[in-house]
Amino acid sequence: MAEPKGWGRGGNSARWDNLARGLYRFRSNRLSMLGLLMLLFILFVAVFAPLIAPFPQDASGATNVLERLQAPSETHLFGTDKIGRDIFSRVVMGTGLALQVGTVIILLATTIGVTIGAISGYAGGWLDDLLMRITDIFLTVPALVLAIAISAALGKGIINAMIGISLVWWPGFARLTRSLVLSLREEPFVEAAYGIGAGHARIIFRHILPNAVSPIIIKMTTDFGFAVLTAAALGFIGLGAQPPTPEWGAMINDGRRYFPDEWWIATFPGLAIWLMVFSWNLIGDGLRDVLDPRSRR
């Protein structure tokens, strides 16, 4: 059986050489390394949040009205909100939730989009036209507007928000996967698989998609931060996580009515969202150097 492109002893050697060069470029790129350090910091905070947060109970409904609306101080590094909850503790405790939300959204969207795109590009004909017209319908409506509509129809809550965002995020993955499959399905290793009687599912998932995984991973990485941002937008308008869950978008909404006098209530959750989005964007740019052959020299 003919081996897929890049497989075999010589193919493995070339692949490892390319990977080594890509990793070197990643390490040489200061912005990529900055993104990696930021992401590691975020992961550290998420894992050890109960130990880092000085008032972890403030993330689960505790109140202290006597300390409401206090400015940042040694006791409350990020100040307190309208019912005396420590903003720093709530931001820290919300880090894990933000990562979970982004992970679920991207995994669901990738699964849906890659499946539809692979079937569309491989099958061609009327099925390709049908699936791409459905994809186009989703793409014609702004993603945030459609996510709001779906989430509102499903009801308030973080799970429904993740489902709603996933259902509007898959078209980009479908388009990308279709284009990759169209370029790969005529390759010699696919024709060889045809020749030995391999089934359609085996050809798609064992021969075509493994050779298309790099651009998909790059898109997953760059989209992660924006998925978190979209989830925060739904939380801001009350369709995401419900109180007292320390969701960053909802925290910004709580603080907007006190802005600019009590600026810290909305500012620090906003900075947390920015840090999350920025770090994933830098990581995505770095991974493009590692995984995208067109970026190598």
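Remember, predicted model here, so these are calculated numbers, not experimental data.

What counts and how
- Residues numbered from 1 in each chain as written.
- Predicted model: local features only at pLDDT ≥ 70, side-chain atom pairs only at ≥ 80, totals over all residues.
- Heavy atoms only, no water.
- Patch = residues over 30% accessible without salt bridge, like charges linked within 9 Å, V, L, I, M, F, W, Y side chains within 5 Å.
- Areas by Shrake-Rupley, 256 points an atom, 1.4 Å probe, with all protein chains shown as cover.
- Salt bridge = Lys/Arg side-chain N within 4 Å of Asp/Glu carboxyl O.
- Helix = DSSP H or I, 4+ residues; strand = E, 2+ residues; numbered from the N terminus.
- 1 Å grid on protein atoms, 1.4 Å probe; cavity = no way out; pocket = protein on both sides within 12 Å on 5 of 7 lines; lining within 4 Å.
- Points joined across faces, edges and corners; volume = space filled by probe spheres on them.
- Nonpolar A, V, L, I, M, F, W, Y, C, P; charged D, E, K, R; others polar.
- Buried < 20%, exposed > 50% of the residue type's maximum accessible area, 1.4 Å probe, protein only.
- Axes fitted to C-alpha atoms, helices over the stretch in contact; angles between N-to-C directions.
- Parallel < 35°, antiparallel > 145°, perpendicular 65-115°, else oblique.
- Left-handed = near helix turned anticlockwise from the far one by under 90°.
- Contact = heavy atoms within 4.5 Å.
- Phe/Tyr/Trp six-rings, centres within 6.5 Å; stacked < 30°, edge-to-face > 60°.
- Lys NZ or Arg CZ within 6 Å of the ring centre and 35° of its normal.

Student: What should I look at first to understand a nonpolar patch on the surface in this one?
Tutor: Residues Phe-44, Val-47, Phe-48 and Leu-51 make up a contiguous nonpolar surface patch of about 440 Å² in total accessible area. Here Leu-51 is to be found in helix 3 (residues 49–52).

Student: Mind showing me how you'd approach empty space enclosed by the protein here?
Tutor: The rolling of a water-molecule-sized probe over the atoms marks out the regions of remaining empty space. Applying the stated criterion across every chain yields a total of 2 cavities of 30 Å³ or more. Reported here for the largest cavity is a volume of approximately 100 Å³. Around the largest cavity sit Gly-94, Leu-97, Ala-98, Val-101, Ile-158, Val-228, Ala-231, Ala-232, Pro-246, Glu-247, Trp-248 and Ile-273, which together line it. Among the secondary structure elements, those contributing two or more residues to the lining of the largest cavity are helix 4 (87–123) and helix 10 (213–236). For the lining of the largest cavity, the element with the highest residue contribution is helix 4, accounting for 4 residues. Among the residues making up the lining of the largest cavity, the classes are represented as 10 nonpolar, 1 polar and 1 charged. Taken as a whole, the second largest cavity holds about 30 Å³ of empty space. Every residue lining the second largest cavity is listed: Asp-81, Arg-85, Ile-87, Arg-90, Met-251, Asp-254 and Ile-265.

Student: Would you mind showing me how to read the pattern of salt bridges here?
Tutor: Pairs can form between side chains of opposite charge once their charged atoms are near each other. Taken as a whole, this structure holds 6 salt bridges when the rule is applied. A salt bridge links Arg-133 to Asp-136; the nearest nitrogen and oxygen atoms lie 3.0 Å apart. Of the two residues, Arg-133 and Asp-136 are both situated in helix 5 (residues 125–140); the distance of 3 residues between them amounts to about one turn of the helix. We classify Arg-133 as partly exposed; its relative accessible area is 42%. The partner of Lys-219 in a salt bridge is Asp-223, and the shortest N-O contact between them spans 3.0 Å. With a gap of 4 residues between them, Lys-219 and Asp-223 both fall in helix 10, about one helical turn apart. Its relative accessible area of 11% is what places Asp-223 among the buried residues. Salt bridges linked by common partners bring Arg-133, Asp-136 and Arg-175 together as one network.

Student: Whenever I open this one, the environment of Leu-51 confuses me. Can you help?
Tutor: Judged by relative accessible area, Leu-51 falls into the exposed class, the value being 72%. Separated by 42 residues in the primary sequence, Leu-51 and Met-93 have C-alpha atoms spaced 9.9 Å apart.

Student: What exactly am I supposed to notice about the packing of helix 6 (residues 143–154) against helix 7 (residues 158–184) here?
Tutor: A pair of packed helices is characterised by two quantities: the angle between their axes and the separation of those axes. Their axes nearest at 8 Å, the elements helix 6 and helix 7 cross at an angle of 140°. In terms of axis orientation, helix 6 runs oblique to helix 7. Considering only the axes of helix 6 and helix 7, their crossing is right-handed. Facing Ala-143, Leu-146, Ala-147, Ile-150, Ser-151 and Leu-154 of helix 6, the residues of helix 7 in contact are Asn-160, Ala-161, Ile-163, Gly-164, Ile-165, Leu-167 and Val-168. Split by residue class, the contact of helix 6 with helix 7 holds 10 nonpolar, 3 polar and no charged.

Student: For this particular structure, what's the right way to read the packing of aromatic side chains?
Tutor: Describing an aromatic ring pair means giving the distance of the ring centres and the angle of the ring planes. Using the criterion set out here, one finds 8 aromatic pairs in the structure. A centroid spacing of 4.0 Å and a plane angle of 5° characterise the contact between Phe-78 and Phe-268, whose relative ring orientation is stacked. Here Phe-78 is found in the loop between helix 3 and helix 4, whereas its partner Phe-268 is found in helix 12 (residues 264–291), with 190 residues between them in sequence. Note on Phe-268: relative accessible area 16%, which makes it buried. Ring geometry for Trp-274 against Phe-278: centres 5.0 Å apart, planes inclined by 15°, an arrangement best described as stacked. Of this pair, Trp-274 and Phe-278 are both found in helix 12, 4 residues apart, which corresponds to roughly one turn of the helix. Ring-pair connections join several aromatic residues into one group, and the members of that group are Phe-78, Phe-88, Trp-263, Trp-264 and Phe-268. Seen from the ring of Phe-173, Lys-219 lies directly overhead, with NZ or CZ sitting 5.2 Å from the centre.

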